[in-house]
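Breakdown of the fold
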Amino acid sequence: MSKPAITYELLHIDKNSGARRGVVHTPHGDIQTPVFMPVGTQATVKSMTPEELKEEVGAQIILSNTYHLYLRPGHELVKEAGGLHNFMKWDRPILTDCGGFQVFSLSDLRTITEEGVEFKSHLDGSRHMFTPEKVMEIEEALGADIIMSFDECCPYPSTYEYTKNSMERTTRWAIRCKEAHKNVDKQGLFGIIQGGFYEDLRKKSAEDLIALDFPGYAIGGISVGEPKEEYLKMLHYTAPLMPENKPRYLMGVGTPDYLIEAALSGIDMCDCVLPTRIARNGTAMTWNGKVVVRNATYEKDWGPLDPECDCYTCKNYTRAYIRHLVKTNEILGIRLLSIHNLRFLTKLMERVRIEIENDNLLEFKKEFYKKYGYTKE
RNA sequence: GUGGAUGUAGCUCAGUUGGUUAGAGCGCUAGUUUGUGGCACUAGAGGCCGUGGGUUCGAGUCCCAUCUUCCACC
């Protein structure tokens, strides 16, 4: 029997919180966890070169997307290029999202059946069909280290009945994904726990998926616009249900507070478009809170974006200059803010890992919240 | 000098045969952004309609004067 592509090594558990410090081993190297993963939907983290991601940001792993790459340039083309790593010149680990989220959020017309989802492309309206088998074919062609099983992400709020049916179908699709997935020594297939905001459904989903013995597990369907209390409630309920000897991935998170809460709950991996998206709209995250550098307050601010940051942007440019770039819609503004925001979250997680090793993550959370300006726990 | 045109939001301009609270685009101000449809979305501020008179129940709109800017001609 061949060695699985993805394995998890636990290094330390924070004695005061249960947060875990570990390593995820992949075919393209190790990932120190907890980790934040930048999102590169279309085989690029928008405006960043791989060198910048590695040297300036310190990214260990990035995400890409099945739905988008299937539509453009096509997974066959990426395969012909030698897979995503080769195509985009990124030699560290990659995770591909299954496209389930996009099928539901981007397509006008979609029909869900037991077989799969029929949808219309947001690009040209052409009709396509995603089945668990099709998604596995695409993700294998893309060649990421970690691939996600095809799921349905329920909108918030959804009724109990709808969520239950959706969750059960997601589990059946996970079985089909597992059966269709062949190169298990090169790619690790993660199962996605659904169940919306209903505890018994989350429990059922977790149990059924764990029985299938995936090399890793994700929590999906959270961080979809619910209040923070709901987020924390489901996070605190679901994370402990996940196996201790495998990576735990919380999809679509997020903001600094959500990331710290995730780590505190024993989550190992998170991803989010937020740092790069808000960068494109003139906003930065700093150790002293959110800075909308586009605002007039910064017109003549000759200081760096974040005095405590060690990134390329903060070492070299003033808020006034970055504001000017944002206001004039210059590409460099987007790039500088993207570098900073990604570096900020990467650094935050580096700090989280150190605090876990020192059994001090809870204390750190208090300090961070106070400084960042979060008022509610 | 003569003739013609022009003047409405910071900018470029719409404003019917006179009729409620004068609009648009851009800009400006602020908010939003959570498994990405990059340059978006939402909200807001901002006008003695060049000035002075007149007609009218009522004038950005009609009349007179005057000033501004532009064009043509002498």
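Here the structure is shown first, and the text comes after it.
What counts and what doesn't
- Residues numbered from 1 in each chain as written.
- Chains lettered and ligands numbered in written order.
- Predicted model: local features only at pLDDT ≥ 70, side-chain atom pairs only at ≥ 80, totals over all residues.
- Heavy atoms only, no water.
- Axes fitted to C-alpha atoms, helices over the stretch in contact; angles between N-to-C directions.
- Helix = DSSP H or I, 4+ residues; strand = E, 2+ residues; numbered from the N terminus.
- Parallel < 35°, antiparallel > 145°, perpendicular 65-115°, else oblique.
- Left-handed = near helix turned anticlockwise from the far one by under 90°.
- Contact = heavy atoms within 4.5 Å.
- Nonpolar A, V, L, I, M, F, W, Y, C, P; charged D, E, K, R; others polar.
- Phe/Tyr/Trp six-rings, centres within 6.5 Å; stacked < 30°, edge-to-face > 60°.
- Lys NZ or Arg CZ within 6 Å of the ring centre and 35° of its normal.
- Pairing = 2+ DSSP bridges.

Glancing now at the packing of helix α1 (residues 50-57) against helix α14 (residues 331-357). Packing of α1 against α14 leaves a shortest axis separation of 10 Å and a crossing angle of 50°. Taken together, the axes of α1 and α14 are oblique relative to one another. For α1 against α14, the interelement crossing comes out right-handed. For the pair α1 and α14, the contacting residues are Glu52, Leu53, Glu56 and Val57 in the first and Arg335, Ile339, Leu342, Arg343 and Thr346 in the second. When its residues are assigned to classes, the contact of α1 with α14 shows four nonpolar, one polar and four charged.

What follows is about the packing of aromatic side chains. This structure, assessed with the given rule, holds 18 aromatic pairs. Arranged with centres 4.9 Å apart and planes meeting at 20°, the rings of Tyr372 and Tyr374 form a pair that is stacked. The cationic tip of Lys178 hangs over the ring face of Phe214; the distance from NZ or CZ to the ring centre is 5.8 Å. Directly above the ring of Tyr369 sits Lys365, whose terminal nitrogen or CZ lies 5.3 Å from the centroid.

Taking strand neighbours across the sheet as the criterion, the eight strands line up as β4-β14-β13-β12-β11-β10-β6-β5 in an open arrangement whose pairing is parallel. The open sheet has two edge strands, β4 (35-38) and β5 (62-65), and neither has a second partner. The average angle at which neighbouring strand axes cross in this sheet is 25°, direction not considered. Of the pairings in the sheet, the one linking β5 to strand β6 (residues 94-97) comprises four bridges and is parallel in character. Opposite Leu63, over in β6, you have Leu95 as the bridge partner.

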